[in-house]
Amino acid sequence: MKSISSYLLLVLILVINTKSFSQQKTQVKWLTVEQMDKLYTKNPKKILWKVYSKDCHYCHDFEEKVLKIPAIATYINQNYYPVLLDAFDASPVTFAGHTYESKDKMNPMATHLLKGTIKFPTLVFVDEQLKMLNFLQGYYEAPNIEMVLHYFGDNAYKTVSWNDFQTNFAKKK
C-alpha cells in the first residue's frame with residue numbers, strides 16, 4: 001500500500017511540476033522601462049506597453065486568460081519589447097534620452113502614452129521609430145488581441161486596411 005501511495009504522490013508531483021514549467025515557458029517576458037531602453041538602443045524593435053493598475057481585476061484576468069495563451073505570449077516575445085507599466089507608480093521614467101516626471105499621482109510614462117485617457121488594461125503599440133501606432137483600452141478576448149498583435153507586428157498596417165486584414169486573418173484561422 002505504501003508503494004502505491006508513494007507512486008501516486010510522485011506522479012502528482014511530476015504533473016504539477018510539468019504544468020508549472022509549461023506555464024512559465026509561455027509567459028510574456030515583461031521588461032522594465034530601463035531594460036527595454038537598453039535593448040532598444042542596441043536593436044530597435046516594436047514596443048508593446050501594457051499599462052495597468054495593481055488593483056485592476058480586469059488587468060489580472062487579461063494577463064491570466066489572454067496574454068498567457070502560448071501562441072499570444074510567444075508572438076509578443078518574438079515581435080515586441082513588452083513593457084509592463086504600473087499607471088500609479090509616480091517615479092520618474094527615463095526612456096530614449098528623455099526623462100518623464102510626474103505632475104500628479106500617475107506614472108509619467110503612462111500619462112504620456114495615454115494622453116489623459118485612463119482605462120485599464122491598455123495596450124500601446126509603438127513602432128521601431130518610437131511612433132505610437134495605436135492603443136487598445138479595456139479587456140479584449142484572445143482572438144481580437146491576436147489579430148491586433150499580428151496587424152502591427154507583421155507590418156500589415158503599412159499596406160492593408162484594418163477591415164481587409166480582419167477578413168483575411170479570420171479566413172486563416
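Check the entry above for the structure.
Here goes a summary of the coordinates provided. Every chain is numbered independently, its residues counted from 1 as its sequence is written. Where local features are concerned, this predicted model is filtered to residues with pLDDT of at least 70; where side-chain atom pairs are given and counted, the filter is 80 or more; whole-chain, interface and lining totals use all residues. Computation of side-chain values: all heavy atoms of the structure, hydrogens and water removed.

Quick notes on the sheet that holds strand β1 (residues 47-52)
Think of a sheet as strands paired side by side through backbone hydrogen bonds, with each pair either parallel or antiparallel.
Right, so step 1: At least two DSSP bridges between two strands are needed for those strands to be called paired. Each helix is a run of DSSP H or I of at least 4 residues and each strand a run of E of at least 2, with the numbering of both proceeding from the N terminus. Sheet architecture is open: four strands sit in the order β2-β1-β5-β6, paired in mixed fashion. If you trace the sheet from one side to the other, it starts and ends with β2 (81-86) and β6 (132-137), each paired once. Ignoring which end each strand starts from, the neighbouring axes of this sheet average 20 degrees apart.
Right, so step 2: In this structure, β1 lies alongside strand β5 (residues 122-126), joined through five bridges in antiparallel fashion. Bridging from a neighbouring strand, valine 51 pairs with threonine 122 of β5.
Right, so step 3: Contacts from helix α3 (residues 57-67) reach β1 and β5, with the element oriented near 140 degrees to β1. Only C-alpha atoms enter the line fits that serve as axes; for helices the fit covers just the stretch in contact. Angles between N-to-C directions range over 0 to 180 degrees. A contact between two residues is defined here by any heavy atoms of the two lying within 4.5 Å.

Looking at the pattern of salt bridges
Right, so step 1: Only one rule defines a salt bridge in this text: a Lys or Arg side-chain nitrogen within 4 Å of an Asp or Glu carboxyl oxygen. All told, the structure shown has five salt bridges when counted by the stated rule.
Right, so step 2: Note that aspartate 86 is salt-bridged to lysine 54, the shortest N-O span being 3.7 Å. Of this pair, aspartate 86 sits in strand β2 while lysine 54 sits in the loop between β1 and α3, and the two are 32 residues apart along the sequence.
Right, so step 3: The exposure class of aspartate 86 is buried, given its relative accessible area of 13%.
Right, so step 4: One salt bridge connects glutamate 64 with lysine 68, and the closest N-O pair in it is separated by 2.8 Å.
Right, so step 5: With a 1.4 Å probe rolled over the protein chains alone, any residue whose accessible area is under 20% of its type maximum counts as buried; one over 50% counts as exposed, and the rest are partly exposed. For glutamate 64, a relative accessible area of 48% gives the class partly exposed.
Right, so step 6: Judged by relative accessible area, lysine 68 falls into the partly exposed class, the value being 23%.

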